[in-house]
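Structure at a glance
Given next are the chains, with one letter for each unit.
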Amino acid sequence: MSDDAPLPNPATRRSFIRRGAVAAVALPAVVSTLGACGETRAAVREQKEAKPGAPPPPPSPRQKADQMDAMHEKGIKAFPAKTEGQGNQPMEPRIENGVKVYDITAEEIQWEVEVGRKVKAWSYNRQVPGPQIRVREGDRVRVNLTNRLPESTSIHFHGLELPNDQDGVPFITQPPVKPGESYTYEFTVPNAGSHMYHSHHNAAIQVGLGLLGAFVVEPRRPVRAHKADVDYVMVLNDGYHGYTLNGKGFPATEPLVCSMGQTVRIRFMNEGMMIHPMHLHGMHMTVIAKDGWDQPMPWKCDTLNIAPGERWDVLVKATNPGTWAFHCHILPHAESEHGMFGMVTALVVKPATA
Amino acid sequence: MSDDAPLPNPATRRSFIRRGAVAAVALPAVVSTLGACGETRAAVREQKEAKPGAPPPPPSPRQKADQMDAMHEKGIKAFPAKTEGQGNQPMEPRIENGVKVYDITAEEIQWEVEVGRKVKAWSYNRQVPGPQIRVREGDRVRVNLTNRLPESTSIHFHGLELPNDQDGVPFITQPPVKPGESYTYEFTVPNAGSHMYHSHHNAAIQVGLGLLGAFVVEPRRPVRAHKADVDYVMVLNDGYHGYTLNGKGFPATEPLVCSMGQTVRIRFMNEGMMIHPMHLHGMHMTVIAKDGWDQPMPWKCDTLNIAPGERWDVLVKATNPGTWAFHCHILPHAESEHGMFGMVTALVVKPATA
Amino acid sequence: MSDDAPLPNPATRRSFIRRGAVAAVALPAVVSTLGACGETRAAVREQKEAKPGAPPPPPSPRQKADQMDAMHEKGIKAFPAKTEGQGNQPMEPRIENGVKVYDITAEEIQWEVEVGRKVKAWSYNRQVPGPQIRVREGDRVRVNLTNRLPESTSIHFHGLELPNDQDGVPFITQPPVKPGESYTYEFTVPNAGSHMYHSHHNAAIQVGLGLLGAFVVEPRRPVRAHKADVDYVMVLNDGYHGYTLNGKGFPATEPLVCSMGQTVRIRFMNEGMMIHPMHLHGMHMTVIAKDGWDQPMPWKCDTLNIAPGERWDVLVKATNPGTWAFHCHILPHAESEHGMFGMVTALVVKPATA
């Protein structure tokens, strides 16, 4: 049991950076892809012009700053970086006799978290997070789980107030679903809100590896004040795959995009093991629901602390045009000397269309 | 990426499990105590029927899954496991001239956290948490502390707005209570709510070792809407004794039991060093008080984040029959490849009596 | 200082203490500065009277307790300990054509966190936290940043809803400010509340080293119920400098002082990487604002969990005279076997002046 944060040792990181910086200098191709970074190119040129044969002089402070900045710029310019696979994709159910049927297969895949960084993942339908299930209060839903993992598993519908035998906890409410076997959950959706589905068997490992997804329930009677123009789910995670938003680390995270004057609903869901206080630049968030239940009175903030298992729904009124950083404010979850990474994305507020 | 909680290394844990599983196979007595686990028995039989003399074939994925499941099942079937000692037991005061007198002795004991796992504990009256003190607003209370520890100590009544000289902070409000000595606190209980008492001397160590207990103050004028049929205190801890609820780790934790239609009040108290977002399955919790103070408006959730030193009071309306998992949603505080452990219990909603 | 979780290993710490204690015994000058600690002096005398030449007898449990208590007392008696430098000092702006102008220089200094413990810090105007900027909603403000650090930097005004080009995020809203260069921010203050300013470049390191400060915006129309007699900013931190309140560790922290009957406003700001549940003894806090936004209804607590990036404003009605401990309730952030340290201060409520 180690735990929370110890800052990275600055000395070690420094020398790592120095090495990284030297490598960058040796790779003009990389450097030349940078945008307006004239100073960095100047620094590189300066080093190249040193006499052949002589050992390169140690970089000056300004050169070191330029090299660090170049790494930071490179990350930001790459955003949103294209990676293989996209999680949290809305899933269309089959309809069978009025029942919304979702076929969910748990299986191992390779998942590209950032460009070139592939990790072992346990996925639902080859996505991390699994496909987004979005239904309405009162819907009849059937979930057919097929287990192609080497371990038993199960699905718990986190936040749904289901009959006990649909709760997905092996040996308490059902037998485990063995490797190669299938299991069917069926229920009438009892309560609205931003919920989740995930493994409840060997869950510290299985959820950590990716067996999780969003289960959003639209209310039968929507609250007028909660009407939003765009509706995002943001699943926070911090397990085997590093710090991620919807299964990807910056700059491979997805930006949130809207137009001036629009209302954006964000459904934060924490599937990790740590808190993540999400900070939005430029505009505040109005908190309207906790775990799917409306707060008695909405309240405002710009940094919302989200603990494991929690879901918080907020509305953002897009009143401030521009590209706004949006990140976990535990800074080591979001930035290193190499630049921003992990739990960082942006809210892009475009000028209103005429 | 250093950081927060490092997930257990899967490779290491895997091999540990494998060793554990082999050990289980070698112990048919253990395996045979399992309940309906026919598949596990089959797996064991299969291995036993291998030719004598030949090295046993490596377990198949299915056998490994069965072995892991058997461990998980064993833990759950053992719940609630009987251990020596029970903490947080309601304490009857002596009455002296209208004063409620509590004699509290701090002393070292061996404390059985889980079956067979005994740890060194510093206890009040040989309990971890110490005996539950429950009084009424306006009561006159005397606490006689006797220190049988090898260190000085003191008691701070966390949450009570006492006169300064009863606040229990050595060298600020009183001298430390030396080994072998006694000290008396006496006060009129000023404010209602779910409070705590614990050492305030060398407290990171002393509270970590068990010098803590619940101090519940019933209000002089109870709020009608807060009327509950059953009233539980749940002390969360994560120190030297591991992850515990009321001093015990699953499956030695105590279930919360009620009947359909009843209202359960749960008083969460965090005496540890980490947050614990407690997640109840099957029903939501209505949050009514923070640190003993009524919230201006109750609000609902299914996962309540409780930070060190905080107390949160919730009501659960028992509307969903069955046995419901109830656990910290930082999953490594609640489950490993060996099964559930630590901060796990269940809310058992029995059918209403006719 | 590792952190949150793992409790210090008692055995290791014990032996460390033992060594520390012996050292204390060898330093009668230190011991003799203690206040009413007669028992400690007795214990020391006892050891000194042992025969010369003979190895000293191992300390008795009581002697060990006395030695530990002496260390605890020494820390408390030293409070508030005088150290070099004081952070968070109110800064007077220059006024140029109606604009409030703040000249802020980022530079490396040595910062005395506790008596004799100097650390490398990256500071604004040689303070950690940087100078406190306090303006009014609607003010025109100019901040001239000069970078004397060996790295590029920038300032993000955390919580202010500024035009995008004043948001301070290199490569998104501005170029980085290179070593030796200057950069000017200018804006009309858009929203009231307790905000912060800090680096947003290589921020896990730069903010960790001290590039942070409070930016308080008085509302144009103050809420009558929020009127306070004294107004404190308390910046929480836990990075390279250890656990600090306004840049100092106990006993070098500053006490909060008021008179009976007064109302104290405390503006908590977390610039660290961990939660800090701040616990006030003797009185409760009424929470009035989050991140500068009024809560819809005030609510009460005695332990307020503050996550990184969050600001919480509370009012304390000083109704209980005395010196009250006020500390983070993650106990290893506040106390060790050597005594209280880190995130500890006191609220001193003086008798009302006649």
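Preceding block: the structure.
Fair warning: this is a prediction, and the values are worked out from it, not measured in the lab.

**Considering the interface of chain B and chain C**
Facing the 49 residues of chain B at the interface are 48 residues of chain C. Here chain B and chain C share 4 salt bridges between them. Between glutamate 181 of chain B and arginine 62 of chain C there is a salt bridge, with the nearest N and O atoms lying 3.6 Å from each other. Counting the contacts that link chain B with chain C gives 23 residue pairs in polar contact (both at pLDDT 80 or more). Elements with a contribution of two residues or more to the side of chain B that touches chain C: β6 (156-158), α5 (203-209) and β16 (293-301) of chain B. For the side of chain B that touches chain C, the element with the highest residue contribution is α5 of chain B, accounting for 5 residues. Its residues assigned to classes, the side of chain B that touches chain C comprises 22 nonpolar, 16 polar and 11 charged.

**A closer look at the pattern of salt bridges**
With the rule as written, the count across this model stands at 69 salt bridges over all chains. Aspartate 231 of chain B is the salt-bridge partner of arginine 267 of chain B, the closest N and O atoms lying 3.0 Å from each other. On the criterion of sequence distance, the pair formed by arginine 267 of chain B in strand β13 (residues 263-270) and aspartate 231 of chain B in strand β10 (residues 230-237) is long-range, its members being 36 residues apart. Judged by relative accessible area, which is 31%, aspartate 231 of chain B ranks as partly exposed. Measuring nitrogen to oxygen at the nearest pair gives 3.5 Å for the salt bridge that ties arginine 311 of chain B to aspartate 291 of chain B. In this pair, arginine 311 of chain B is assigned in strand β18 (residues 311-317) and aspartate 291 of chain B in the loop between β15 (285-290) and β16, connecting sequence segments 20 residues apart. With respect to class, arginine 311 of chain B is no different from aspartate 291 of chain B; both count as buried. Through salt bridges with shared partners, a single ionic network connects Arg94, Glu96, Asp103, Arg140, Arg142 and Glu186 of chain A.

**Some remarks on the nonpolar core**
In terms of nonpolar packing, the biggest core is built from 104 residues, with Phe268 and Leu304 of chain A, Phe268 and Leu304 of chain B together with Phe268 and Leu304 of chain C touching the most fellow members. Apart from the residues within four sequence positions on either side, phenylalanine 268 of chain B is in contact with Met234, Met278, Met285, Leu304, Ile306, Glu310, Arg311, Trp312, Val314 and Phe326 of chain B. Among the nonpolar cores identified, the runner-up in size contains 28 residues, and Val177, Ile205, Leu211 and Phe215 of chain A belong to it.

**A word on the interface of chain B and chain A**
Contacts between chain B and chain A engage 54 residues on the former and 60 residues on the latter. Our count for the chain B to chain A interface comes out at 4 salt bridges. With a closest N to O distance of 2.7 Å, arginine 311 of chain A and aspartate 302 of chain B form a salt bridge. Counting the contacts that link chain B with chain A gives 23 residue pairs in polar contact (both at pLDDT 80 or more). Contributing elements (two or more residues each) for the side of chain B that touches chain A: α1 (10-25), α4 (61-78), β14 (276-280), β16, β17 (303-306), β19 (322-328) and β20 (335-336) of chain B. For the side of chain B that touches chain A, the leading source of residues is α4 of chain B, giving 10 residues.

**Digging into the sheet that holds strand β12 (residues 256-259) of chain C**
All names here are of chain C. In space, the 5 strands of this open sheet follow the order β12-β22-β19-β14-β17, with mixed pairing throughout. Both outer strands of the open sheet, β12 and β17 (303-306), are each paired with one neighbouring strand and no more. Pairs of neighbouring strands in the sheet enclose a mean axial angle of 20°, with direction left out of account. Judged from the 6 bridges that link them, strand β19 (residues 322-328) and strand β22 (residues 344-350) form a sheet pairing that is antiparallel. For phenylalanine 326, the partnering residue across the bridge sits in β22 and is threonine 345.

**Remarks on the state of the cysteines**
The full count for this structure, using the stated rule, is 0 disulfides over all chains. Lacking any disulfide linkage, cysteine 258 of chain B is separated from the closest cysteine sulfur, that of cysteine 301 of chain B, by 17 Å.

**Re helix α4 (residues 61-78) of chain C**
Between its first and last C-alpha, α4 of chain C extends 26 Å over 18 residues, near the 26 Å set by a 1.5 Å rise per residue. Those residues of α4 of chain C that fall on the buried side of the exposure criterion are Gln63, Ala65, Asp66, Gln67, Met68, Asp69, Ala70, Met71, His72, Glu73, Gly75 and Ile76 of chain C.

Here is what the cut-offs are and how they apply
- Each chain carries its own residue numbering, running from 1 in the written order of its sequence.
- Ligands are numbered from 1 and chains lettered from A, in the order in which they are written.
- This being a predicted model, a pLDDT of at least 70 is required before a residue's local features are given, and a value of 80 or more before pairs of side-chain atoms are given or counted; all residues contribute to the totals for chains, interfaces and linings.
- Think of the side-chain values as coming from all heavy atoms in the structure, minus any hydrogens and water.
- Note on contacts: a residue pair qualifies if any of its non-hydrogen atoms lie within 4.5 Å across the two residues.
- Criterion for a salt bridge: a side-chain nitrogen of Lys or Arg within 4 Å of a carboxyl oxygen of Asp or Glu.
- Under the rule applied, a polar contact is a pair of N or O atoms within 3.5 Å (in protein, one hydrogen donor and one hydrogen acceptor; residues adjacent in sequence only if both atoms are side-chain atoms).
- Numbering goes from the N terminus for both helices and strands, where a helix is a DSSP run of H or I of at least four residues and a strand is a run of E of at least two.
- Only Asp, Glu, Lys and Arg are considered charged in this grouping, and only Ala, Val, Leu, Ile, Met, Phe, Trp, Tyr, Cys and Pro are considered nonpolar; every other residue, Gly among them, is considered polar.
- Per-residue accessibility, obtained with a 1.4 Å probe over protein chains only, is compared with the maximum for each type, and a residue is labelled buried under 20%, exposed over 50%, and partly exposed between these values.
- In this description, a nonpolar core means a group of buried Ala, Val, Leu, Ile, Met, Phe, Trp, Tyr and Cys residues linked to one another through side-chain atoms lying within 4.5 Å.
- By the convention used here, strands pair only if DSSP detects at least 2 bridges between them.
- In this description, a line fitted to the C-alpha atoms serves as the axis of each element, helices being fitted only across the stretch in contact, and the angle between N-to-C directions of two axes falls anywhere from 0 to 180 degrees.
- Cysteine sulfurs are considered disulfide-paired once they come within 2.5 Å of each other.
- In this scheme, a helix's expected span is set at 1.5 Å multiplied by one less than its residue total.

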